[in-house]
Amino acid sequence: MFEIDGRKVGTGHRCLIFGEVAQAHDGSLGMAHAFIDAIAEAGADGVKFQTHIADAESTPAEPFRVRFSDQDATRYDYWKRMEFTEEQWSGLAQHARKVGLIFLSSPFSVEAVDLLQRVGVPAWKIPSGEVGSTPMFERIAKTKLPILLSTGMSPWSEIDTAMEWIKSEGLPFLVYQCTTAYPCPPEQIGLNLLDAFRKRYECPVGLSDHSGVIFPGLAAAALGVDMLEVHVTLSKEMFGPDVSASLTTDELRQLVEGVRFIEMIQDNPVDKDALAEEMFPLRQTFTKSVVARSDLPEGTILERDHLTIKKPGTGIPADQLGSVIGRRLSRAVKKDELIHEEDLV
């Protein structure tokens, strides 16, 4: 267990939910601020961005993951357009904290780590493509802040190596199950890996979900996940490469409500006997009792054809009908009248 910005992470504590803006702001500072407000209003715990510095991260030869626009001639041009100044990043971080959100941003270069350290982040989210970036890890280790490691493209051997290094540095950490597919189909979500990570590395676990629907997050919450991260868009009609893999802010609100509902269930195990006792008045309304099928005179020795069962359950319970047969009525009973123990001899 460890803390991020004063919030505990680990078994027994509520799942932290992050709205991932990534590049959905499309280089607009105003849009980035709008995302912070929308994610806060949806009830999430934190907002996450990506900090790209084109000169430190990319070469002119870097290919597009998906060519989604003619606006940027190269991937380098795209990262350049996504950049914010240090002052602008500080403004975003301050805005997030003001509305009660944890502010995170994934660094994609050593220079980005340095910038974000000056801006102030409470943990480092390592994106899937940076698991093997040793210089960046070395710089991050010096901060002694928790590491949230994404595993979207990594085999076990690469994750094991990263875990050994993180543990050797004595850093708190969480491992995210992630599949780098946009959108990610259900057969590749990999919820089975949450328990595998928890057992293999003895750590909190998270799901970084790219499905574009709320269902994997809800399922992960039912399995006790410690952290959820989902891409967010203001509309499915927005521009950008991640829109199809994103939740709208309304869907994010549904996810948050669903996770909190699941946590309430998990925090309140039901004692079946105690619950039945509590519901005794309601039980009398819904269950049935032994009643007379027709008018029966005093002294009648009861036979099966004399009796039936009907609501309410305030008389002799229906499952005791057999014990009534053969007994004698001590008084006359009308049709549909409940028979009570004191009516029998």
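In the block above lies the structure referred to throughout.
Please read all numbers here as calculations on a predicted model, not as lab measurements.

### With respect to the packing of helix α9 (residues 215-222) against helix α10 (residues 249-266)
Helix packing for two helices is described by the angle between their axes and how far apart those axes are.
So, step 1. Taken N-terminus to C-terminus, the directions of α9 and α10 make an angle of 20 degrees; their axes are 9 Å apart at the nearest point. With respect to α10, the element α9 is oriented roughly parallel. The way α9 lies across α10 gives a crossing that is right-handed. Side by side, α9 and α10 meet where Gly217, Leu218, Ala221 and Ala222 of the first sit next to Leu255, Gly258, Val259, Ile262 and Gln266 of the second.
So, step 2. Tallied by class, the residues present in the contact of α9 with α10 amount to 6 nonpolar, 3 polar and no charged.

### Some details on the nonpolar core
So, step 1. In terms of nonpolar packing, the biggest core is built from 63 residues, with Val47, Phe49, Phe103, Ile147, Leu149 and Leu252 touching the most fellow members.
So, step 2. Beyond its immediate chain neighbours, meaning those up to four positions away, leucine 252 contacts Ile17, Ile39, Ala42, Ala44, Val230, Val232 and Leu247.

### Examining the packing of helix α5 (residues 110-119) against helix α6 (residues 134-141)
So, step 1. One can describe the packing of α5 onto α6 by two numbers: an axis separation of 9 Å at closest approach and a directional angle of 20 degrees. Taken together, the axes of α5 and α6 lie roughly parallel to each other. As α5 packs across α6, the resulting crossing turns out to be right-handed. Residues Val110, Val113 and Asp114 of α5 lie in contact with α6, whose contacting residues are Pro135, Met136, Arg139 and Ile140.

### Some remarks on the pairing of strand β4 (residues 46-51)
So, step 1. β4 sits mainly inside the fold: 6 of its 6 residues count as buried.
So, step 2. Residues Gly46, Lys48 and Gln50 line one face of β4 and the alternating positions Val47, Phe49 and Thr51 line the opposite face, and both faces are buried.
So, step 3. Bridge analysis of strand β3 (residues 16-22) against β4 gives 4 bridges, and the strand direction is parallel. Note that in β4 the partner of glycine 19 across the bridge is valine 47.
So, step 4. Handedness of the β3-helix α1 (residues 29-41)-β4 crossover: right-handed.
So, step 5. When β4 meets strand β5 (residues 102-107), the two strands line up parallel, connected through 6 bridges.

### A look at the layout of surface pockets
So, step 1. Its volume calculated, the second largest pocket comes out at about 250 Å³.
So, step 2. Taken together, 15 residues form the lining of the second largest pocket, with Gly12, His13, Gly224, Gln266 and Asp267 sitting closest to its centre.
So, step 3. Across the lining of the second largest pocket, the residue classes break down as 4 nonpolar, 6 polar and 5 charged.

### Notes on unusual backbone geometry
So, step 1. Across the junction of tyrosine 182 and proline 183, the peptide omega takes the value -5 degrees, indicating a cis bond.
So, step 2. Note that proline 183 resides in the loop between β8 (173-178) and α8 (192-201).
So, step 3. At the junction of lysine 311 and proline 312, the peptide bond is cis and its omega measures out at 5 degrees in the coordinates.
So, step 4. Looking at the element boundaries, proline 312 is found in the loop between β13 (307-310) and α13 (321-324).
So, step 5. The phi torsion at lysine 144 lies on the positive side, around 65 degrees, for a residue other than glycine.
So, step 6. By the element assignment, lysine 144 lies in the loop between α6 and β7 (147-150).
So, step 7. At aspartate 336, a position not held by glycine, the phi torsion is positive, near 70 degrees.
So, step 8. Structurally, aspartate 336 is set in the segment after α13.

Conventions used here
- Residues numbered from 1 in each chain as written.
- Predicted model: local features only at pLDDT ≥ 70, side-chain atom pairs only at ≥ 80, totals over all residues.
- Heavy atoms only, no water.
- Axes fitted to C-alpha atoms, helices over the stretch in contact; angles between N-to-C directions.
- Helix = DSSP H or I, 4+ residues; strand = E, 2+ residues; numbered from the N terminus.
- Parallel < 35°, antiparallel > 145°, perpendicular 65-115°, else oblique.
- Left-handed = near helix turned anticlockwise from the far one by under 90°.
- Contact = heavy atoms within 4.5 Å.
- Nonpolar A, V, L, I, M, F, W, Y, C, P; charged D, E, K, R; others polar.
- Core = buried A, V, L, I, M, F, W, Y, C linked by side-chain atoms within 4.5 Å.
- Buried < 20%, exposed > 50% of the residue type's maximum accessible area, 1.4 Å probe, protein only.
- Pairing = 2+ DSSP bridges.
- Right-handed = clockwise from strand over helix to strand, strands pointing away.
- 1 Å grid on protein atoms, 1.4 Å probe; cavity = no way out; pocket = protein on both sides within 12 Å on 5 of 7 lines; lining within 4 Å.
- Points joined across faces, edges and corners; volume = space filled by probe spheres on them.

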